[in-house]
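Residues per chain, in single letters:
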Amino acid sequence: MIDALTALFRQSFGAAPELAARAPGRVNLIGEHTDYNDGFVLPCAISRQTMVAARRRDDRQVRIVAGDLGGATTAFSLAHPIEPSGDAPWSNYVRGVADGLIDAGLDLSGADLAIIGDMPQGAGLSSSAALENAAGLALAALAGEWGFDRTRLALIGQRAEHRFAGCQCGIMDQLVSARAVAGAALLIDCRSMKCTAVPLPDGLAVMIVHSGIERGLVDGEYNLRRQQCEAAARHFGVAALRDLSVLPEPGGLDPVAYARARHVVGENARTVAAAEALRAGDLARLGELMAQSHAAMRDDFAITLPPIDDLVALLQDTIGSHGGARMTGGGFGGAVVALLPAEEVERARAAVLAGYRTPAGRAPLIMVEAPAAGANLI
Ligand code: GLA
């Protein structure tokens, strides 16, 4: 990939890059829609990633070429307030990160940037967080900040989502992409941002099946869920739903907001329990917790879709008590994650290929992942 990136850079800008950065995508094992409720999540980084090569410019222009988009290009100036682009919305993550770095006090130079990656689109594996972190590390390094703090980096990526992409996301995707530990999932307390590595037991495989139903244009639903959770927290008089370990009686709260809160309160407890089960190598317990998580996403949070429920049921039937499966990510499409013994992967793959087709009638993309390390300069 690095060779393709260097070639793209040379071809586009007529010289070699000065430096490059990479950042991984992620898959969330459990803890969905808990991050913006100050709760717990348990994601790991994956080998699929985004890379950004960079070279300083003497003016204040940032020029970008995107290898995955057929070499699409765009440019913006650091001299003006940076605005989101309507023509090249894919570049808004980079624009937003540049804006955030300047806001954080970095003296950014102009830059030529080339981007490539191997993340499947619309799978909900956080290609945008990977781009934000890789671009952020590269731009910070050009400004002389070689060891840019990874939590700060993640917060700048999240700010770019809020201000440049219109998604009021939590911190999970950016933080795990920035701070992941190879071979481990990361238990993140999204209030303190404390990250604890939870090594995956030997022989446990992480299997991801892309439903082929692309996420996209769902920010409205996402932001609505967030508002409903915040309304529920206000109703119960707490700063965030994280502060409830037991769900109180509704006391007049609208039933939809109550159901959303039920998911979040349960999911926080399930996530902490799942980290324990993972540490103990208790795959049966892990499978139960994943099944409960999926059911709550379907019944209380209303973010799954019937074909995804079917795909999850198929995997759960195949895996039995040797692991588990659930939809992963923001919802309304995207991917399903399964945890299972490595020796059972081929059987599960065969079951998925026999029993599931994407909406276009194709075999789904199946990835078997080993948890990767977080973002770094190359
Ligand atoms: C998206 C958001 C995350 C998180 C998940 C749901 O991936 O970017 O912050 O809220 O959805 O768990």
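Above this text you will find the structure in question.
Residues numbered from 1 in each chain as written. Predicted model: local features only at pLDDT ≥ 70, side-chain atom pairs only at ≥ 80, totals over all residues. Heavy atoms only, no water.

Quick word on the layout of surface pockets
Reasoning step 1: What the largest pocket holds in volume is close to 1200 Å³.
Reasoning step 2: As for the largest pocket, its lining consists of 49 residues, and the residues nearest its centre are Tyr-93, Gln-121, Ser-127, Ser-128 and Glu-161.
Reasoning step 3: Looking at the lining of the largest pocket, the elements with two or more residues in it are α2 (92-103), β5 (110-117), α3 (127-142), α4 (150-165), α5 (172-179) and α6 (219-235).
Reasoning step 4: With four residues, α3 is the single largest residue contributor to the lining of the largest pocket.
Reasoning step 5: Looking at the lining of the largest pocket, its residues break down into 21 nonpolar, 18 polar and ten charged.
Reasoning step 6: Mapped onto the domain boundaries, the lining of the largest pocket takes at least three residues apiece from domain 1 (2-196) and domain 2 (199-369). (1 Å grid on protein atoms, 1.4 Å probe; cavity = no way out; pocket = protein on both sides within 12 Å on 5 of 7 lines; lining within 4 Å. Points joined across faces, edges and corners; volume = space filled by probe spheres on them. Helix = DSSP H or I, 4+ residues; strand = E, 2+ residues; numbered from the N terminus. Nonpolar A, V, L, I, M, F, W, Y, C, P; charged D, E, K, R; others polar. Domains from an automatic or database assignment.)

Here we look at the sheet that holds strand β11 (residues 365-369)
Reasoning step 1: The four strands lie next to each other as β9-β10-β8-β11, forming an open sheet whose pairing is antiparallel. Two strands lie at the open edges of the sheet, namely β9 (324-328) and β11, each paired on one side alone. The mean inter-strand angle of the sheet, taken between neighbouring strand axes irrespective of direction, is 20 degrees.
Reasoning step 2: Relative to strand β10 (residues 335-341), helix α9 (residues 306-319) is tilted by about 5 degrees, and along the sheet it contacts β8 (204-210), β9 and β10. (Pairing = 2+ DSSP bridges. Axes fitted to C-alpha atoms, helices over the stretch in contact; angles between N-to-C directions. Contact = heavy atoms within 4.5 Å.)

Quick word on the packing of helix α7 (residues 255-280) against helix α8 (residues 283-299)
Reasoning step 1: Packing of α7 against α8 brings their axes to within 9 Å, and their N-to-C directions diverge by 160 degrees. If you check the angle between α7 and α8, you find them roughly antiparallel. α8 is crossed by α7, and the crossing has left-handed handedness. Residues His-263, Glu-267, Arg-270, Ala-273, Ala-274, Ala-277 and Leu-278 of α7 form the contact with α8, whose participating residues are Arg-285, Leu-286, Leu-289, Gln-292, Ser-293, Ala-296 and Met-297.
Reasoning step 2: Its residues placed into classes, the contact of α7 with α8 shows eight nonpolar, three polar and three charged. (Parallel < 35°, antiparallel > 145°, perpendicular 65-115°, else oblique. Left-handed = near helix turned anticlockwise from the far one by under 90°.)

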